[in-house]
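Remarks on the overall topology
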Amino acid sequence: AAIITTDQQGAIAMRDAVREAFRRNGIDGKIILDEVVLPGTKDFNTFIGRARAKSVDVFVTILFQGSLSAFAKQARQQMPHAALAEAEMFEDESEVKVSEGALVGHWYVNIDDASTDFVEAWKKAYGSLPGWGSASAHDTLLLLSEGHRKFGTDNSKIAEMLAHIRDYRGAA
């Protein structure tokens, strides 16, 4: 996996939650690249080139409007079989339109309030309340981990598994 994050406090907190979820699930070694970019960044070719050289199969994007669509188009051009995962922005109609279809068919999570059980477990483990997006990041990584355990790097089978999830009860 490669993580790319906008340099903004909330985005960094979400990236940290994603990294922690990878660690808790014993797959932190799967994070091959992790980069923070300035807000408004539009050129991701160097990062995507490094990801291609390292055979990355999924990008976890924590990017804002404009940057996300630019990233998705460049990733589709250079690595058409790589999957994208994001929270919230994939459903932004204007971002989807600007991406010219590059965001369609990828994974995203709607951020919701954390469940009481998740908040209590987090407080017990870390002595504080979970940050924004932590529960959704946790759910995202659990589902991706499950897909990886079942199907390895077969993105089409993982995508099919995710498409058939109904009534999921997780941290968010």
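Everything that follows concerns the structure shown earlier in this document.
Residues numbered from 1 in each chain as written. Predicted model: local features only at pLDDT ≥ 70, side-chain atom pairs only at ≥ 80, totals over all residues. Heavy atoms only, no water.

**Let's talk about the nonpolar core**
Nonpolar side chains in soluble globular proteins tend to end up buried together. Formed by 21 residues in total, the largest nonpolar core has its most connected members in F44, F47, I48, F59 and F71. The set of elements that each furnish at least two residues to this core consists of β1 (2–6), β2 (33–37), α2 (45–53) and α3 (67–78). The biggest single contributor to this core is α3, with five residues. (Core = buried A, V, L, I, M, F, W, Y, C linked by side-chain atoms within 4.5 Å. Buried < 20%, exposed > 50% of the residue type's maximum accessible area, 1.4 Å probe, protein only. Helix = DSSP H or I, 4+ residues; strand = E, 2+ residues; numbered from the N terminus.)

**Details of the pattern of salt bridges**
Across all of its chains, the model carries nine salt bridges by this definition. A salt bridge links D34 to R19; its shortest N-O distance comes to 2.7 Å. Taken together, the positions of D34 in strand β2 and R19 in helix α1 (residues 9–24) put the pair 15 residues apart, joining distant regions of the chain. Residue classification places R19 among the partly exposed positions, given a relative accessible area of 34%. E20 serves as the salt-bridge partner of R24, at 3.6 Å between the closest nitrogen and oxygen. Placement of both R24 and E20 in helix α1 is noted, with a separation of four residues, approximately one turn of the helix. (Salt bridge = Lys/Arg side-chain N within 4 Å of Asp/Glu carboxyl O.)

**Focus on unusual backbone geometry**
Phi is positive for E100, which is not a glycine, with a value near 55°. Position of E100 relative to the elements: it lies in the loop between α4 (93–98) and β5 (107–109). On the basis of relative accessible area, E100 is assigned to the exposed category, the value being 56%. Even without glycine at this site, D167 takes up a positive phi of about 55°.

**Remarks on the environment of A163**
Along the polypeptide, A163 turns up in helix α7 (residues 155–163). The sequence separation of A163 and G105 amounts to 58 residues, and the corresponding C-alpha distance is 9.6 Å.

**Points about the packing of α2 against α3**
Where α2 meets α3, the axes come as close as 10 Å, and the angle between the chain directions of the two elements is 40°. It follows from the interaxial angle that α2 and α3 lie oblique. α3 is crossed by α2, and the crossing has right-handed handedness. The residues of α3 that touch α2, namely those facing N45, F47, I48, G49 and R52, are F71, Q74, A75 and Q78. When grouped by side-chain class, the residues that make up the contact of α2 with α3 number four nonpolar, four polar and one charged. (Axes fitted to C-alpha atoms, helices over the stretch in contact; angles between N-to-C directions. Parallel < 35°, antiparallel > 145°, perpendicular 65-115°, else oblique. Left-handed = near helix turned anticlockwise from the far one by under 90°. Contact = heavy atoms within 4.5 Å. Nonpolar A, V, L, I, M, F, W, Y, C, P; charged D, E, K, R; others polar.)

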